[in-house]
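Below are the chains, spelled out letter by letter.
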Amino acid sequence: MREWKLAVLPGDGIGPEVMSLTVELLEQVAREEGARLEMNECLVGGAAIDAEGTALPASTLEACRASDGILFGSVGGPKWESLPPKEQPERAALLPLRKEFHLFANIRPGLLYPELVPASPLKSERIPEGIDIVCIRELTGGLYFGQPKDTVTLENGEKQSRDTMVYRTSEITRIAEVAAKTALGRSRRVCSIDKANVLETSVLWRDTVTRFFAEHYPEIELSHMLVDNAAMQLAGNPNQFDVLFSENLFGDILSDEMAVICGSLGMLASASLGEDQNRHGHPFGLYEPAGGSAPDIAGKGVANPCAQILSGALLLRHSLGEEAAATRIETAVRRAVEKGTRTGDIAFEVEPVGSSAMLAAIRAEL
Ligand code: NAD
């Protein structure tokens, strides 16, 4: 019997609400697929700070290590905003998890169904069929982690800070490989984003990516684009891209831009894949909605559970190799939305439903 062993970290705000619905759905899918599902639910973020004084308790980390992949909710909220930056739920929980599991590739599908086009700030003429692209961001290198990184006081009394953008070829090829594999399951087009007209790291990036694709994936159509142009093109004609990928900072900004044009954070899932493989021979990963803990709607039963549910589908696909089960979930979400069951964030000309009714409609389509 197939075994799916998940660490389930609901977190704060809407996290526990949408996670409990996702757990119900995964239980149904496992039953129907004949898989044994073991879920170890643990505290993380503000909830863990309140209960145990730390955003990532040792027991949570241990449960993650023992799992095939992590299903993460969202962390943070007003209650913990006055804590010192290093103790803030996001920084003190997510960054150590990324570090511990060497999560180097963030994959964000940017999917906007045709029915939800009015949710996008883009004019509907630009995206009559919606949006269907994938944004991949390198997650462990570049300016965020490069050394030296410091602030000094100069002789004249002013302060000076520096961050360092560093990339080595192996870091570039491993994210290029994630982009290539993603493109193979789609229309085999990849656009690599850089700033090769100015940055030394981007010159190496472009050169390495070009060689890598020529040598290993000649069947994929590779193009390059400068990041400033990519930001404009995303807002003007997003569907010219299929898979786009970039270094850490550019990817941080572009993936958020993509989230905005795709309408609601309530629909967007993400996967962060690690270097290490789990016991099934698939990449270990952390899967979470693109949005945060949404304190403005937490506790009201109106949050859209789709992003969390679709994150569960990504976990099944990438960390468990369960493509069919993942597609079943994605199709069920799509059909439920198509038929007009929608939470407030995506309700246009239809009466919005609550989170539980949204789940019920998705389960009915499974
Ligand atoms: P947010 O993503 O939580 O909310 C932004 C807007 O999107 C809000 O109006 C919210 O209601 C809406 N939204 C988000 N998810 C939704 C869903 N599933 N259904 C319906 N509407 C949804 O961003 P924010 O308000 O800037 O941040 C709130 C808290 O979340 C902060 O403490 C922030 O640090 C934290 N945060 C955590 C993560 C994470 O856990 N990875 C990511 C981003 C923000």
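### Re the nonpolar core
Argument step 1. Core analysis: the largest hydrophobic core is formed by 84 residues, its most contacted members being Ile136, Phe213, Phe245, Ile329, Val333 and Ile362.
Argument step 2. If one sorts the elements of this core by residue count, helix α9 (residues 306-320) sits on top with eight residues.
Argument step 3. A domain-level breakdown of this core finds at least three residues from each of domain 1 (1-108 + 269-366) and domain 2 (121-261).
Argument step 4. Each residue touching Ile362, except ones within four places of it in the same chain, is listed here: Leu25, Cys306, Ile309, Ala332, Val333 and Ala336.
Argument step 5. Counting 21 residues, the second largest nonpolar core, distinct from the first, contains Ala7, Ala63, Cys64 and Leu94.

### With respect to the layout of surface pockets
One simple way to see leftover space: roll a probe sized like a water molecule over the atoms.
Argument step 1. Size it by volume and the largest pocket reaches roughly 1,000 Å³.
Argument step 2. Taken together, 31 residues line the largest pocket, and the ones lying closest to its centre are Ile107, Thr182, Leu314, Arg317 and His318.
Argument step 3. Those elements that place two or more of their residues in the lining of the largest pocket are β4 (103-112), β5 (131-138), α5 (169-184), β11 (269-277), α9 and α10 (323-338).
Argument step 4. Of all the elements, β11 adds the most residues to the lining of the largest pocket, at six residues.
Argument step 5. Of the residues assigned to the lining of the largest pocket, the class counts are 14 nonpolar, six polar and eleven charged.
Argument step 6. Looking at the lining of the largest pocket, you find at least three residues from each of domain 1 (1-108 + 269-366) and domain 2 (121-261).
Argument step 7. What the second largest pocket holds in volume is close to 580 Å³.
Argument step 8. Along its surface, the second largest pocket is lined by 29 residues, and Glu90, Leu94, Arg98, Glu288 and Ala290 are the ones closest to its centre.
Argument step 9. Contributing elements (two or more residues each) for the lining of the second largest pocket: β3 (69-74), α4 (89-100), β4, α8 (248-261) and β12 (283-289).
Argument step 10. Top contributing element to the lining of the second largest pocket by residue count: α4, with six residues.

### Considering the sheet that holds β5
Argument step 1. In spatial order, the strands read β2-β1-β3-β12-β11-β4-β5-β10-β8-β9; together these ten strands make up an open sheet with mixed pairing. Only two strands of the sheet have a single neighbouring strand rather than two, namely β2 (35-41) and β9 (221-226). The sheet shows a mean angle of 20° between the axes of neighbouring strands, direction not considered.
Argument step 2. The sheet contact formed by strand β1 (residues 2-11) and β2 spans seven bridges and is parallel. Counted as the bridge partner of Trp4 is Leu37 from β2.
Argument step 3. Each of β4, β5, β8 (189-194), β10 (243-246) and β11 is contacted by α5, which is oriented at about 160° to β5, the strand it contacts most.
Argument step 4. The sheet strands contacting α8 are β4, β5, β8 and β10, and the helix crosses β5 at an angle near 155°.

### Points about the state of the cysteines
Argument step 1. Summed over all chains, the structure comprises zero disulfides.
Argument step 2. Of the cysteine sulfurs around Cys262, a residue in no disulfide, the closest is that of Cys135, at 9.8 Å.
Argument step 3. Residue class for Cys262 comes out buried when judged on its relative accessible area of 2%.

### A few points about the domain arrangement of the protein chain
Argument step 1. Here the domain parsing of the protein chain yields domain 1 (1-108 + 269-366) and domain 2 (121-261).
Argument step 2. Centre-to-centre, using C-alpha coordinates, domain 1 lies 25 Å away from domain 2.
Argument step 3. Each partner contributes residues to the interface: domain 1 has nine residues there, and domain 2 has 16 residues.
Argument step 4. When the area that domain 1 buries against domain 2 is broken down by residue, the three leading residues are Phe104, Asn106 and Arg108, summing to 61%.
Argument step 5. On the surface where domain 1 and domain 2 come into contact, there are two salt bridges.
Argument step 6. In this structure, the salt-bridge partner of Arg174 is Glu275, at a minimum N-O distance of 2.3 Å.

Rules and cut-offs
Residues numbered from 1 in each chain as written. Predicted model: local features only at pLDDT ≥ 70, side-chain atom pairs only at ≥ 80, totals over all residues. Heavy atoms only, no water. Core = buried A, V, L, I, M, F, W, Y, C linked by side-chain atoms within 4.5 Å. Buried < 20%, exposed > 50% of the residue type's maximum accessible area, 1.4 Å probe, protein only. Helix = DSSP H or I, 4+ residues; strand = E, 2+ residues; numbered from the N terminus. Domains from an automatic or database assignment. Contact = heavy atoms within 4.5 Å. 1 Å grid on protein atoms, 1.4 Å probe; cavity = no way out; pocket = protein on both sides within 12 Å on 5 of 7 lines; lining within 4 Å. Points joined across faces, edges and corners; volume = space filled by probe spheres on them. Nonpolar A, V, L, I, M, F, W, Y, C, P; charged D, E, K, R; others polar. Pairing = 2+ DSSP bridges. Axes fitted to C-alpha atoms, helices over the stretch in contact; angles between N-to-C directions. Disulfide = S-S within 2.5 Å. Buried area = accessible area lost by both parts, 1.4 Å probe. Salt bridge = Lys/Arg side-chain N within 4 Å of Asp/Glu carboxyl O.

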